[in-house]
Amino acid sequence: MTLDTTHRNRQMTHFDGHDEIWLFGYGSLIWKADFPFLERRPAHIQGWARRFWQGSHDHRGTPEAPGRVVTLVREPGATCHGMAYRITPEVLGPLDVREKNGYLREVIRLHFDDDARPPSAEGLVYLATEDNAAFLGEAPLEAIAEQIAMAHGPSGPNRDYLVNLAQALGELGVDDPHVFALAARLPARQDTRDPHPRPSSETTRP
Ligand code: BEZ
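Residues numbered from 1 in each chain as written. Predicted model: local features only at pLDDT ≥ 70, side-chain atom pairs only at ≥ 80, totals over all residues. Heavy atoms only, no water.

As annotated in an unreviewed UniProt entry, the chain carries the name glutathione-specific gamma-glutamylcyclotransferase and comes from Halomonas ventosae.

Below is the structure:
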C-alpha cells in the first residue's frame, strides 16, 4: 500500500502555537500509549462509531494478507468511548509516521468521562476515511473475524489487537457491540504444536 499520509498530517496548522494538545485514542492507543503524555482521561466523542473497516498492511498484516484495524465512521447519535491524552506537539511527529497508512488528523470535540475539569475540550483524532487506499469497509462480522484471526504483521497477530481492545474497553466499562461481537466470533487460536505427539520411532515409519 503506497499511500502515505505523513506529509498531509504535517501540513495541519490548527494547533500551531499550542504547547499542549488533547489526543483522543479509540484503538490501540487505549491500551498502548508508547509515547510521553502529561495526563490521560477516559473520554468519548459523539456522532462517530468505531469500526474494524481499515486495512492494516504495515502493522497487523502484510500487503499480501492485510489485517483489519479500527477507524471511525460518522453515525448520527453514536458515541465512541476511548482514552484522551494531553500531549506536547512533538509527540505527533512519530505518531504521524506510525499511522501513515491512511490515517489523517481531524479536529474533534472530546467529552471527558471523569469528574475533573474541563468537562470537554477540542482535540485531535486520527481517522481513516473511506477514500483512503487502505480502506476495506464493511463486511459480515464472521468474515471480519476470520480475516483478523488469520492476519499477522510486524506489530504482531491481528487477533491480539482485537482481544486487547475488547479487554481495554471492558476495563473501562464500555459496551461496544461491534468490538465485542467480533471478539466473540474469533475462531480458537490455531496451535501449531501437536498436543499428542507420537514417539519419533512411530513418526519415522513410512
Ligand atoms: C487510536 O486511537 O488508537 C488510533 C487509531 C488509529 C490511528 C491512530 C490511533
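There is more to say, and it comes next.
Let us now look at the overall build of the chain. Check the secondary structure of the chain and you find seven helices and seven strands. In sequence order, the chain lays out its α and β elements as α-β-α-β-β-α-β-β-α-β-β-α-α-α. In terms of its C-alpha atoms, the chain occupies a principal-axis envelope of roughly 75 × 35 × 30 Å. Within the chain, the proportion of its 206 residues that are buried is 46%. Contacts in the chain between residues far apart in sequence, at least 24 positions, make up 75% of those at least 6 positions apart. As displayed, the chain offers around 11,000 Å² of accessible surface, 51% of which is attributable to carbon and sulfur atoms. (Helix = DSSP H or I, 4+ residues; strand = E, 2+ residues; numbered from the N terminus. Buried < 20%, exposed > 50% of the residue type's maximum accessible area, 1.4 Å probe, protein only. Contact = heavy atoms within 4.5 Å. Areas by Shrake-Rupley, 256 points an atom, 1.4 Å probe, with all protein chains shown as cover.)

Right, let's talk about the nonpolar core for a bit. Counting residues in each nonpolar core, the largest one holds 52 residues, and the members touching the most others are Tyr-26 and Phe-52. For this core, the element with the highest residue contribution is strand 3 (residues 67–87), accounting for ten residues. Those residues in contact with Tyr-26 that sit more than four places away from it in its chain are Arg-50, Val-70, Thr-71, Leu-72, Cys-80, Tyr-103, Val-125, Tyr-126, Leu-127 and Leu-165. (Core = buried A, V, L, I, M, F, W, Y, C linked by side-chain atoms within 4.5 Å.)

On inspection of all chains with the given rule, the structure shows seven aromatic pairs. A ring pair is formed by Phe-35 and Phe-37, whose centres lie 6.3 Å apart and whose planes are at 70°; its orientation type is edge-to-face. Residue classification places Phe-35 among the buried positions, given a relative accessible area of 10%. Overall, the relative accessible area of 35% leaves Phe-37 in the partly exposed class. Ring-pair connections join several aromatic residues into one group, and the members of that group are Trp-31, Phe-52 and Tyr-161. Positioned above the aromatic ring of Phe-112 is the side chain of Arg-41, whose terminal nitrogen or guanidinium carbon lies 3.8 Å from the ring centre. (Phe/Tyr/Trp six-rings, centres within 6.5 Å; stacked < 30°, edge-to-face > 60°. Lys NZ or Arg CZ within 6 Å of the ring centre and 35° of its normal.)

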